[in-house]
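Overview (structure and organization)
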Amino acid sequence: MIDVKANKLAIISDINGNMYALNSFLDYVNADPQIEYVINLGNFIGYGGFSKEIFDLITTDQRFINIIGPNEYRIMNPKDDKDSMSIREEFGEPRIQQLKNIPGVMEIQLYDKKFLMMHSNRYLDSYSLEKRLKFLFMDEYKDTHYAQQHFVYDYILYGCSGISEVSTYIEQPFKRKAEVIISPGDLYMHFYNTICFCLMEFNGSKVDITIKNEKTNTNKMVEKIISMNRDHISVLSNYGYFNVDGDKGTLIIELLHDETMFSQYYKHFWEQSIEFILKEAEYVGFDIPKKDEKIAKELKESLLVYSEHNRNREFCQIEGKINDAVKKLLSKNYLDQDQSFKWSEIWLLDKNKNLLFSFLKYDGKCQFCDLDEEKMAYMKSIVAKSDQLIYRVYE
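Below is a summary of the structure that appears in this document. (Residues numbered from 1 in each chain as written. Predicted model: local features only at pLDDT ≥ 70, side-chain atom pairs only at ≥ 80, totals over all residues. Heavy atoms only, no water.)

Quick look at the pattern of salt bridges
- Scanning all chains against the criterion turns up 9 salt bridges.
- Across the pair Arg 63 and Asp 61 runs a salt bridge, and its minimum N-O distance is 2.8 Å.
- Here Lys 206 ties to Asp 208 by a salt bridge, and the two come within 3.9 Å at their closest N and O atoms.
- Given a relative accessible area of 34%, Asp 208 falls into the partly exposed group. (Salt bridge = Lys/Arg side-chain N within 4 Å of Asp/Glu carboxyl O. Buried < 20%, exposed > 50% of the residue type's maximum accessible area, 1.4 Å probe, protein only.)

Next up, the structure:
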């Protein structure tokens, strides 16, 4: 039996100036000599204060195949963007000229496969995080020949901030060809200590594609940035790391599982939190899909007096004054028949209509505003009861 050597390549996107995330990734790559190429889909420049160092590394390491993304375009055409102007000054003119020679879209041939490399120029909010990469790609590039050439490429590598996904599309009706669209996720470390990238392994006719989420040490990165002579306050706050703890301020709590796991992991947290915040709340607002007529009817019957307006073609918002029926709805009847959270978004306001609390279902984030020391301590005691929650504090 002949042992056929597998060929591997890694796909990354959105380093966003985070050298520590890139080093963590390279530790993984360097430990596997079968990884021959690193395909970098752009947005390697960013807030992290290491854009120059990252640029020098990815343009000298022979494994890297690079394109630029929206962040790099902003550096080349900074306009009135203070951060972009600062990075451009740090880069110096020779690097800027070198940056201009890196394409925004590239076709490459590796392992007898044809790849198209590109990066989305759109910010994809939480409502876009669905399995529809093909449609995002086709819509964004509809006026180019890339979207009009169907099933020309074996793999379309499409960097989309916040999305890690592999989708396969089969040519109809003959089913003789297929194309795979890959978005590798964000490489820069989020505050929950992971980097995300894609690994492809070519072994004869077999191709394995894996989205990797590797644990890193965020605390170590924070310590290193603070110890350097950099503007560490703005750097850390842009990454969401600065002031990750505090005795008072605004508390952001993130659910580590999506809304389909709400009843399993978060009922106790929700019921305690909502009971606590309802003591001061006078008004409530809900964001719901227009198609959910049953949920809309339930809200209107509970609120009695309400206002309604369309947020966009798919979602509407219903707002009103809190009463006992609404309190029961929020604390007892907040799950649908599938045991998922009922509403896309909810917010609570005080008597002066200042924001007290908000919850984004698709982002899995709760916000408790302007907590004093006593209230902050109480909310942290609730969070501490679960290992499925993480938090940050902003003064």
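From this point, the narrative continues.
Focus: the nonpolar core
- Ranked by internal contacts, the top residues of the largest apolar core, which has 43 residues, are Phe 269, Leu 330, Trp 343, Leu 348, Phe 357 and Phe 368.
- The leading source of residues in this core is helix H11 (residues 267–277), at 5 residues.
- Ignoring anything within four residues of it in the chain, the contact list for Leu 330 reads Trp 270, Ile 274, Leu 278, Val 284, Phe 286, Trp 343, Ile 346 and Leu 348.
- Judged by nonpolar contacts, the second largest core, of 32 residues, contains Ile 12, Ile 15, Ile 35 and Ile 45. (Core = buried A, V, L, I, M, F, W, Y, C linked by side-chain atoms within 4.5 Å. Helix = DSSP H or I, 4+ residues; strand = E, 2+ residues; numbered from the N terminus. Contact = heavy atoms within 4.5 Å.)

Focus on the environment of Lys 353
- Looking at the element boundaries, Lys 353 is found in the loop between strand S15 (345–349) and strand S16 (355–360).
- Owing to a relative accessible area of 53%, Lys 353 belongs among the exposed residues under this scheme.

A look at a negative patch on the surface
- On the surface, Asp 247, Asp 372, Glu 373 and Glu 374 cluster together to form a negatively charged patch.
- One can find Asp 372 in the loop between strand S17 (365–371) and helix H14 (373–383). (Patch = residues over 30% accessible without salt bridge, like charges linked within 9 Å, V, L, I, M, F, W, Y side chains within 5 Å. Areas by Shrake-Rupley, 256 points an atom, 1.4 Å probe, with all protein chains shown as cover. Lys, Arg positive; Asp, Glu negative; His and termini not counted. Charge placed at Lys NZ, Arg CZ, Asp CG, Glu CD.)

Some remarks on the packing of aromatic side chains
- Evaluation of the coordinates by the stated rule reveals 21 aromatic pairs.
- When the ring of Phe 357 is compared with that of Phe 368, the centres are 4.9 Å apart and the planes differ by 55°; the resulting orientation is tilted. Residue Phe 357 is located in strand S16, and its partner Phe 368 is located in strand S17; the two are separated by 11 residues in the primary sequence. Judged on exposure class, the residue Phe 357 and its partner Phe 368 are both buried.
- The ring of Tyr 283 is capped by Lys 353, whose NZ or CZ atom sits 4.8 Å from the centre of that ring. (Phe/Tyr/Trp six-rings, centres within 6.5 Å; stacked < 30°, edge-to-face > 60°. Lys NZ or Arg CZ within 6 Å of the ring centre and 35° of its normal.)

Describing the environment of Lys 52
- Tracing the backbone shows Lys 52 in helix H2 (residues 51–60).
- On the accessibility criterion, Lys 52 (26% relative accessible area) is partly exposed.
- A C-alpha to C-alpha distance of 7.1 Å links Lys 52 and Glu 90, two positions 38 residues apart in sequence.
- In this structure, Lys 52 is in contact with Glu 90, Phe 91 and Arg 95, ignoring residues within four places of it in sequence.

With respect to H14
- Listed as buried for H14 are Met 376, Met 379, Lys 380, Ile 382 and Val 383. Taken down its axis, H14 places every buried residue within 155° of arc, on the same side. Turned more than 90 degrees off the buried face of H14, the exposed positions are Glu 373 and Glu 374.
- Of the residues flanking the start of H14, the one acting as N-cap is Asp 372, its side-chain oxygen 3.2 Å from the backbone nitrogen of Glu 374. (Arc of directions from axis to C-beta. Polar contact = N/O pair within 3.5 Å; in protein donor to acceptor, adjacent residues only side chain to side chain.)

What to know about the sheet that holds strand S9 (residues 194–203)
- The sheet built from 5 strands is open, its strands ordered S3-S2-S1-S9-S10 with mixed pairing. Two strands bound the open sheet, and with one partner strand each, they are strand S3 (64–66) and strand S10 (206–215). Within the sheet, the average angular offset between the axes of one strand and its neighbour, ignoring direction, is 25°.
- In this structure, strand S2 (residues 35–40) lies alongside S3, joined through 3 bridges in parallel fashion. Bridge pairing in S3 links Val 38 to Phe 64.
- The strands that helix H1 (residues 19–30) touches are strand S1 (7–12), S2, S3, S9 and S10; relative to S9, the one it contacts most, it runs at about 30°. (Pairing = 2+ DSSP bridges. Axes fitted to C-alpha atoms, helices over the stretch in contact; angles between N-to-C directions.)

Some words on the pairing of strand S12 (residues 283–289)
- Along S12, 6 of the 7 residues are buried, which leaves the element largely enclosed by surrounding structure.
- Of the pairings in the sheet, the one linking S12 to strand S14 (residues 315–321) comprises 7 bridges and is antiparallel in character. Its bridge partner being in S14, Val 284 is matched across the sheet by Gly 320.
- In this structure, S12 lies alongside S15, joined through 5 bridges in antiparallel fashion. Bridge pairing in S15 places Phe 286 opposite Ile 346.

Thoughts on the packing of H2 against helix H5 (residues 93–100)
- Packing of H2 against H5 leaves a shortest axis separation of 12 Å and a crossing angle of 50°. Taken together, H2 and H5 sit at an angle that is classed as oblique. Both H2 and H5 take part in a crossing whose hand is left-handed. Counting all contacts with H2, which are made through Lys 52, Phe 55, Asp 56 and Thr 59, the residues of H5 involved are Arg 95, Gln 98 and Leu 99.
- For the contact of H2 with H5, the class distribution of residues is 2 nonpolar, 2 polar and 3 charged. (Parallel < 35°, antiparallel > 145°, perpendicular 65-115°, else oblique. Left-handed = near helix turned anticlockwise from the far one by under 90°. Nonpolar A, V, L, I, M, F, W, Y, C, P; charged D, E, K, R; others polar.)

In short, geometric facts, not functional conclusions.
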